[in-house]
Amino acid sequence: MAIPVPTKVREQIAWSYANFARAHAALEDGVTKYKVLHHIIRNKMYHGLLSGKISMRSLYDDERLKMTVPQACYYCGHRDNLTVDHLVPLVRGGPDEADNLIWACRSCNSSKQGRDMLVWANSKGFFPSILLLRRYIKIVARFCEEKGHMVINLENFPQTDAPFDVRLLPTKFPPLPELNLWVKTK
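Note that the structure is predicted; figures quoted are calculated from it, not measured.

1. A word on the overall build of the protein chain
Of the regular secondary structure elements, the protein chain holds 6 helices and 2 strands. Reading the protein chain from its N end, one meets helices and strands in the order α-α-α-β-β-α-α-α. Compactness check: the protein chain gives a C-alpha radius of gyration of 16 Å against a globular reference of 16 Å for 186 residues, within 12% of the reference. Looking at the protein chain residue by residue over its 186 residues, the buried ones come to 49%. Counting only contacts in the protein chain whose residues sit at least 6 apart along the sequence, the fraction spanning at least 24 positions is 68%. Within the protein chain, the 18 negative side-chain charges are centred at a point lying 6 Å from the centre of the 26 positive side-chain charges.

Structure representation (structure tokens):
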């Protein structure tokens, strides 16, 4: 499959989520290089999302994960001095809902402030854990669907009322050995 160059918001979200699904499957399989099966997963996910034959899994899975993983900062894994953080910042217009609330240590929360998670992570030189990225993409997708932004050209996205820049959704991921399924608790 040729690598698509997203031009619409829906394509950007679908390609980012499809790449997440590929990475998630490979990490679950415990491999250090993608196999043909992982590329097939990405291809089917991308085309399924675009056609509407496949949808993203519910945020319920992410909420259940919140209750089962050790209580730790979603960014760095520290278990001390935890606060609640809005993944998509409330001050930027992110939702004030449970789906958007995560644990963050005081240090990460203070450092992130009102910045978008992807902007902040990039400034700190780290790629978010796969399961944190899954939650973030779902929140972005839900917002864009509700606001009718899915059909907007990416070049026009900055003129929307979105509390994030959908163009920052990762479409290329670091090599598998550099990815974490979840943060390691410290």
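2. Focus: the environment of L27
Examined against the element boundaries, L27 turns out to sit in helix α1 (residues 9-29). Look past the residues within four positions of L27 in its chain and what remains in contact with it is I130, L176, L179, N180 and L181.

3. Quick word on the nonpolar core
Within the largest apolar cluster, 52 residues are counted, with the highest numbers of intra-cluster contacts made by I13, Y75, Y136, F164 and V166. Sorting elements by how many residues they give to this core places helix α6 (residues 130-147) first, with 11 residues. Filtering out sequence-adjacent residues up to four positions away, V166 remains in contact with V9, Q12, I13, V140, L154 and F157.

4. Some remarks on the side chain of T160
Residue placement: T160 occurs in the segment after α6. A polar contact is formed between the side chain of T160 and the backbone oxygen of F157, at a distance of 2.9 Å.

5. A few points about the packing of aromatic side chains
Taken as a whole and judged by the stated rule, the model has 8 aromatic pairs. Judged by centre distance (5.3 Å) and plane angle (80°), the ring pair of F143 and F164 falls under edge-to-face. One end of the pair, F143, is in helix α6; the other, F164, is in the segment after α6, and 21 residues separate them in sequence. Of the two residues examined, F143 and F164, each falls in the buried class.

6. Comments concerning α1
With 21 residues, α1 extends 30 Å from end C-alpha to end C-alpha; this agrees with the ideal 30 Å at 1.5 Å per step. Taking burial as the measure, the 21 residues of α1 include 16 buried ones, the bulk of the element. Two residues or fewer after α1 comes G30, characterised by a positive phi angle close to 75°.

Basis of the calculations
- Residues numbered from 1 in each chain as written.
- Predicted model: local features only at pLDDT ≥ 70, side-chain atom pairs only at ≥ 80, totals over all residues.
- Heavy atoms only, no water.
- Helix = DSSP H or I, 4+ residues; strand = E, 2+ residues; numbered from the N terminus.
- Rg over C-alpha atoms; globule rule 2.2 N^0.38 Å.
- Buried < 20%, exposed > 50% of the residue type's maximum accessible area, 1.4 Å probe, protein only.
- Contact = heavy atoms within 4.5 Å.
- Lys, Arg positive; Asp, Glu negative; His and termini not counted.
- Charge placed at Lys NZ, Arg CZ, Asp CG, Glu CD.
- Core = buried A, V, L, I, M, F, W, Y, C linked by side-chain atoms within 4.5 Å.
- Polar contact = N/O pair within 3.5 Å; in protein donor to acceptor, adjacent residues only side chain to side chain.
- Phe/Tyr/Trp six-rings, centres within 6.5 Å; stacked < 30°, edge-to-face > 60°.
- Expected span 1.5 Å × (residues − 1).

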